[in-house]
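Listed here are the chains, written in short residue letters.
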Amino acid sequence: MGIDLANKHWDVIVIGGGHAGCEAAAAAARSGATTLLLTHKLETIGEMSCNPAIGGLGKGHLVREIDALDGLMARAADTAGIQFRMLNASRGPAVRGPRAQIDRALYRTAMRSALAAQPGLSLVAEAVEDLIIDGGRVAGVVGASGERYGAGAVVLTTGTFLNGVIHRGDERVAAGRAGDAPALGLSDRLYGLGLSMGRLKTGTPARLDGRTIDWSGLAVQSGDDPPTPFSFLTGAIETRQIQCGITATTPKTHAIIAERLGESAVYGGRVAGRGPRYCPSIEDKVVRFADRDSHQIFLEPEGLDDPTVYPNGISTSLGAEAQDLFLRTIPGLEAVVVFRHGYAIEYDYVDPRELSPALEVKRLPGLYLAGQINGTTGYEEAAAQGLMAGLNAARAAGGLESATLGRDEAYIGVMIDDLVTRGVTEPYRMFTSRAEYRLRLRADNADQRLTALGIELGCVGQTRALAYERKAAVLAQVRAESAALSITPAAAARAGFKITPDGQARSLTQLLTHRDIGLGDLAKLWPQIAGWPAFAREQVEIDAAYHGYLDRQDADVALFRREEDLRLPRDLDYRTLGGLSNEVREKLIAVSPATIGQAARIEGVTPGAITALLAHVRRRAA
């Protein structure tokens, strides 16, 4: 949308057009805030700077939760996805993760189209150099052109652009990513605020010309048929699907890398920032797993009409010559042509403990941070933070209280609580293992958990609200019907089902706990089951699979909620509170926890300290 030059004040300004910025801008506008998205290039809105994929274990849960709150990522991925796979499909529903290979160009187009169609949102190509601060709070931003843009709240989503530096061998280039200038003025401003900040790094592999790859001898990986969409609103995937290739490094590959290790940004001592432990460079793999002579590589096409291939598994910061040498020792890549060599990028981040659970900077009200600036890695983690930051910026601009999600409500809540409570020592990535209540926080039920809340908060549009209400009504009816179905052991035996002949009637849920009994089998007993929609049948089976386990987890959640409901006063002066060690006192001052529960999750805060806090809260309440 074009900008109204007569209007120089917005409710919310979002800086950055990456995954966090897109979701922040859309969420703020959906919430009724007049919103301006400022980004250095409109053409790169929704750019996938690293791997052309969305979702995975833990990450797919985030995408579904973003979708449940009417975010954009899932629908854009469904439009642009060229290979869909449900990871951990053979395991329990709680740890299954939807993932899709993405056509970069289609994704950019889908995301920009969605933003352009969003009422109340303006898009402007303008780099931002500084913040406008008035009366101790953010009041807008200053563009590189000198233009001043006023706002009630600002969301900063700079990704790797904040004082970014690219490293490749001996090369060192100031950049936010390949071909784009870094954000320097904003970095200076944040340091000037006295925020605790640091440096992190990430990396990316070379981009290859797929026409020069010998695919004939390589294994192939196909997607699921039919593919499972990300969005609860998508009926079916219509984009043409592709296969990926699989190859691996060789001992000769490792020998070249070991010989040229000094060229690496990390091993050559040119990078101080710490990289993601769960996504190591090929140099890290060769050093850390010296006993292995091969590492798997997935050759992932970047688009249906793009010859570029992303070799997933070999990110590197070695020099261009070394990259050419080791790539040509890999089966299928003997004659490969490189479009762009890999690199590492180092950038500034803000210690997320500087933020409230609403993602607002504690020292500068009105400023919200989302994405890699908070020490995370990954498109999905960035998008989820962006949605919550945009929502809360809009609510603050409208004079409303902030919205937060609990650890028992969403993976988004787990992530944000981890960040603002514990901080980061390396780029933070979401895993299902981070969630204590993951039986409840499944990808399949994200809409059941969050869409009604999103409607209440005002960030869910009418189309999704109506679809959700229809689905919820069907689920309620099917669950009521299933609860009314039961059978005696004698009748079950006559129908061919082997259960203990104890005279006790079995409900449908109890029958489904038997490994050899499925809904298809029970439809012979109760024909109405065959008429239930596929999504409702799936939910009935999942409810039965976790029956009993969920009851126990509900008891854990009740205990968690009691601690979360014990709020700590915002003006609590920990320096005057007795019963605390100096170390614990410093940690509590740094985080300023909102609740007893959050205080208990701070590393190093002892049970004795929690007892002292509880006593203080109870005295104040008396």
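Residues numbered from 1 in each chain as written. Predicted model: local features only at pLDDT ≥ 70, side-chain atom pairs only at ≥ 80, totals over all residues. Heavy atoms only, no water.

Draft legend 1. Region of interest: the sheet that holds strand 11 (residues 171-174). Reading across the sheet, the 4 strands line up as 11-10-19-12 and stay open at both edges, with antiparallel pairing between neighbours. What marks the edges here is a single partner per strand, and that holds for strand 11 and strand 12 (197-204). Taken over all neighbouring pairs, the strand axes of this sheet differ in orientation by 25 degrees on average, direction set aside. (Pairing = 2+ DSSP bridges. Helix = DSSP H or I, 4+ residues; strand = E, 2+ residues; numbered from the N terminus. Axes fitted to C-alpha atoms, helices over the stretch in contact; angles between N-to-C directions.)

Draft legend 2. Representation of the layout of surface pockets in the model. Taken as a whole, the second largest pocket spans an internal volume of roughly 1300 Å³. Taken together, 43 residues make up the lining of the second largest pocket; nearest its centre are Pro357, Ser402, Thr404, Arg567 and Ala594. Listed by contribution, the elements that provide at least two residues to the lining of the second largest pocket are helix 9 (379-397), helix 10 (411-422) and helix 17 (549-564). Per-element accounting of the lining of the second largest pocket gives the leading share, 5 residues, to helix 10. When its residues are assigned to classes, the lining of the second largest pocket shows 20 nonpolar, 9 polar and 14 charged. (1 Å grid on protein atoms, 1.4 Å probe; cavity = no way out; pocket = protein on both sides within 12 Å on 5 of 7 lines; lining within 4 Å. Points joined across faces, edges and corners; volume = space filled by probe spheres on them. Nonpolar A, V, L, I, M, F, W, Y, C, P; charged D, E, K, R; others polar.)

Draft legend 3. Layout of the nonpolar core. Judged by nonpolar contacts, the single largest core of 103 residues is most densely connected at Ile13, Ile54, Tyr107 and Leu367. By residue number, the principal contributor to this core is helix 9, which donates 10 residues. The residues contacting Tyr107, other than those within four sequence positions of it, are His19, Gly46, Met48, Ile54, Met73, Ala76, Ala77, Ala80 and Ile102. (Core = buried A, V, L, I, M, F, W, Y, C linked by side-chain atoms within 4.5 Å. Buried < 20%, exposed > 50% of the residue type's maximum accessible area, 1.4 Å probe, protein only. Contact = heavy atoms within 4.5 Å.)

Draft legend 4. The arrangement of the sheet that holds strand 15 (residues 244-248) in detail. Strand order in this open sheet of 6 strands is 14-15-16-17-13-18, and the pairing throughout is antiparallel. Only two strands of the sheet have a single partner each, and these edge strands are strand 14 (219-221) and strand 18 (338-340). Recorded for the sheet is a direction-independent mean angle of 35 degrees between the axes of neighbouring strands. When strand 15 meets strand 16 (residues 296-301), the two strands line up antiparallel, connected through 4 bridges. Within strand 16, the residue paired with Ala248 across the bridge is Gln296.

Draft legend 5. Looking closely at the pairing of strand 17 (residues 308-312). The buried fraction of strand 17 is high, at 4 of 5 residues. Here 4 bridges tie strand 16 to strand 17, and the two strands are oriented antiparallel to one another. By the bridge assignment for strand 17, Glu300 is matched with Tyr310. Joining the antiparallel neighbours strand 16 and strand 17 is a turn of 6 residues.

Draft legend 6. How the structure looks around the packing of helix 2 (residues 59-68) against helix 11 (residues 446-457). Contact geometry of helix 2 with helix 11 gives a least axis separation of 8 Å together with a crossing angle of 35 degrees. The crossing of helix 2 and helix 11 is right-handed. Residues Arg64, Glu65 and Ala68 of helix 2 lie in contact with helix 11, whose contacting residues are Ala446, Asp447, Arg449, Leu450 and Thr451. Class assignment for the residues of the contact of helix 2 with helix 11 results in 3 nonpolar, 1 polar and 4 charged. (Left-handed = near helix turned anticlockwise from the far one by under 90°.)

That is the geometry; function is a separate question.
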